[in-house]
Amino acid sequence: MRKMAAAGAKNACASMLAYILLAPSMQAPARCEARPDSSISYRWSAVYGSLIDIDRGSSFFPWNDEETLSHINDRLALLGEIVQGDGFSLFAKGSTGFRLGGEYQEQRYVLEQGHVAFDIFDGAVRGRLFSHERVYRTDQELIKLISDESQFVAGRGEGLAVEVNAGANVSASFIGSIFRDDITDHGGLPSFYGGGDVLRMFRIEGFQKPRWHAGLTLSEVRSLTFGDRITVGADAGLHVRGLDFLTELARVRSGGWDELRNGSLFDLRLREAKLDDPVSIFSTNNAFSFEIEGLELGIGGLGAVGIVPSYRFNGESFTELEGEISPGLSESSVLAWWQPASYDALVSIDASDGEYRGRDFSNLIGSARMRYRGGFEIKESVLCRTGERSSGVVSFIDDNERSRVAVSARLDDLGAGNALSYLAHAGLNLGSRVTARGALYLCRSNQSLYNVQLEFRPRGRFLLRAVMGSFTPRYEGLMLDNEFDPYQPSKDRFVYLFTRIWFGAEGEK
């Protein structure tokens with residue numbers, strides 16, 4: 001049965017590729033009343049960027065451009081796309097100074113990404129032959145089995161992605177991809193020779209929106225470094241009287257598809273189920289999540305209140321490569337909120353209790369947000385964790401057409417050390433062409449960092465940005481407001497000068 005299915009899949013792929021190649025020469029069937037759209041549109045762009053980035057802490061030549069990396073300072077990217085009607089498009093992007101996985105490759109022109117996309121049978125079949133694009137994702141909400149944010153995937157593969165709408169209530173998708181570390185061997189073009197890591201993913205879903213949906217996901221990784229492993233996932237949702245019940249279950253196992261013959265599909269331990277210990281039915285290779293949404297109640301002039309209960313379990317051995325799951329977690333949580341009727345405000349309490357990698361924890365985050373006229377917003381939060389002193393956060397945001405100021409102040413170890421951290425962002429439009437920005441960051445009362453930027457944009461096709469400082473602002477504001485243990489960025493003084501010039505046009509034939 002499995003061989004017949006594999007043969008059918010190969011024949012289907014061959015037929016689909018033949019259709020793509022022969023479609024321009026095929027005549028429309030006589031039963032079609034309207035001729036297909038044969039118009040051709042195009043667009044192209046050329047982007048030239050020049051970069052000077054020097055650090056005081058450079059190991060070879062402090063405060064100088066390192067000669068060994070000089071080729072990264074100039075980059076030329078050429079982009080082009082041709083679209084025929086609604087059913088076919090060809091896109092390609094090539095560049096110099098190509099960067100892959102945070103490391104710059106040798107100076108040469110390579111195809112950085114591209115695809116041939118098709119839409120046939122009135123949208124019933126859609127897909128693309130792609131190279132190094134972010135196509136690795138599914139529509140699962142609670143367990144991200146496949147994600148473009150995974151370091152293993154990271155948009156560096158080449159292959160085929162297809163989506164089939166088989167009727168009004170059934171859809172299926174497939175991704176087959178191979179990953180090679182050095183794509184410059186063939187100028188970035190896909191190669192039919194040589195080995196690499198392989199990912200195959202198949203998903204089928206049935207639904208009747210908004211009442212229910214159910215799906216099954218199968219993925220296989222064959223890696224030269226990490227070995228072979230398979231992942232099986234199932235998800236379901238039910239909408240009843242305004243409530244949404246969502247549940248997702250997955251299992252990972254080493255080996256190939258043949259390993260699924262041994263034991264149950266999800267390796268559940270139903271015989272060991274206990275009312276006082278529901279986690280006992282899961283193995284260390286399982287991941288499970290459950291959530292209820294829509295538990296809301298209007299209270300007249302006082303606004304509305306609601307709660308969102310949830311539970312998740314990630315086994316200690318659930319170490320898949322292509323998703324976003326942290327193993328060794330068992331957590332029950334509830335989010336309660338109140339939104340006033342007459343004000344733009346929200347009060348919430350997020351409580352969780354569980355175990356992470358052998359350690360018990362209980363977390364509580366309470367916050368209140370209020371937004372006033374003119375774009376001024378204030379938020380207060382308290383973060384509490386078992387066994388540790390609490391943290392308090394106050395944030396202010398003033399956002400208008402001329403300027404934006406955001407300040408977050410945080411006290412850790414309340415009542416004892418009272419370690420202060422704060423982040424202040426400010427931006428000011430100096431006319432219509434120049435913007436000045438600055439940031440100050442104090443980490444737990446012992447490390448002070450700064451960043452100053454000046455941006456000149458006379459037109460949409462030209463940009464000049466000059467930056468100097470001791471850190472580059474990224475996610476520090478989000479971490480101060482929401483994380484129990486925000487990390488401290490590395491400190492190193494630097495100067496950054498970047499220029500970008502864009503050319504481009506679009507038209508129709």
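This text gives an overview of the structure that appears in the document.

Cut-off values and rules
Residues numbered from 1 in each chain as written. Predicted model: local features only at pLDDT ≥ 70, side-chain atom pairs only at ≥ 80, totals over all residues. Heavy atoms only, no water. Helix = DSSP H or I, 4+ residues; strand = E, 2+ residues; numbered from the N terminus. Buried < 20%, exposed > 50% of the residue type's maximum accessible area, 1.4 Å probe, protein only. Contact = heavy atoms within 4.5 Å. Areas by Shrake-Rupley, 256 points an atom, 1.4 Å probe, with all protein chains shown as cover. Core = buried A, V, L, I, M, F, W, Y, C linked by side-chain atoms within 4.5 Å. Patch = residues over 30% accessible without salt bridge, like charges linked within 9 Å, V, L, I, M, F, W, Y side chains within 5 Å. Salt bridge = Lys/Arg side-chain N within 4 Å of Asp/Glu carboxyl O. Lys, Arg positive; Asp, Glu negative; His and termini not counted. Charge placed at Lys NZ, Arg CZ, Asp CG, Glu CD. Phe/Tyr/Trp six-rings, centres within 6.5 Å; stacked < 30°, edge-to-face > 60°. Lys NZ or Arg CZ within 6 Å of the ring centre and 35° of its normal.

The number of helices and strands found in the protein chain is 2 helices and 27 strands. Sorting the 509 residues of the protein chain into buried and exposed places 36% on the buried side. Across the protein chain, contacts joining residues at least 24 apart in sequence account for 48% of those joining residues at least 6 apart. In the form shown here, the protein chain has an accessible surface area of approximately 30100 Å², with 56% of it arising from carbon and sulfur atoms.

Residues Phe130, Tyr136, Phe152, Val153, Ile175, Phe179 and Leu199 are the most contacted members of the largest nonpolar core, which totals 13 residues. At the level of elements, β9 (170-179) and β10 (197-208) are the ones that each hand at least two residues to this core. Leu249, Phe282, Phe288 and Phe313 belong to the second largest nonpolar core, which has 10 residues in total.

Here Ser432 shows up in the loop between β23 (419-430) and β24 (434-443). Using a relative accessible area of 74% as the deciding quantity, one classes Ser432 as exposed.

A surface patch of negative charge is lined by Glu316, Asp353, Glu355 and Asp360. Relative to the assigned elements, Asp360 resides in strand β19 (residues 359-371). For Asp360, a relative accessible area of 66% corresponds to the exposed category.

To continue, consider the packing of aromatic side chains. With the rule as written, the count across this model stands at 12 aromatic pairs. Plain terms: the ring middles of Phe288 and Tyr311 are 6.4 Å apart, the flat faces sit at 50° to each other, and that makes the pair tilted. Residue Phe288 is found in strand β14 (residues 286-293), and its partner Tyr311 is found in strand β16 (residues 304-314); the two are separated by 23 residues along the sequence. For Tyr311, a relative accessible area of 19% gives the class buried. Of the aromatic side chains, those joined through ring pairs into one cluster are Phe130, Tyr136, Phe152, Phe179 and Phe226. One cation-aromatic arrangement involves Lys209 over Phe207; the distance from NZ or CZ to the ring centre is 5.3 Å.

Turning our attention to the pattern of salt bridges. Should the charged atoms of two oppositely charged side chains come close, the side chains can pair. Applying the stated rule across the entire model yields 26 salt bridges. When the shortest N-O distance is used, the salt bridge between Arg75 and Glu112 registers 2.8 Å. Separated by 37 residues along the polypeptide, Arg75 in strand β2 (residues 74-84) and Glu112 in strand β6 (residues 110-120) bring together distant segments of the chain. Look at Glu112 and you get buried, because its relative accessible area is 14%. One salt bridge in this structure joins Glu149 and Arg134, with 2.6 Å as the shortest N-O distance. Of the two residues, Glu149 sits in the loop between β7 (125-131) and β8 (157-165) while Arg134 sits in the loop between β7 and β8, which places them 15 residues apart along the sequence. Through salt bridges with shared partners, a single network forms among Asp139, Arg203, Glu205 and Asp235.

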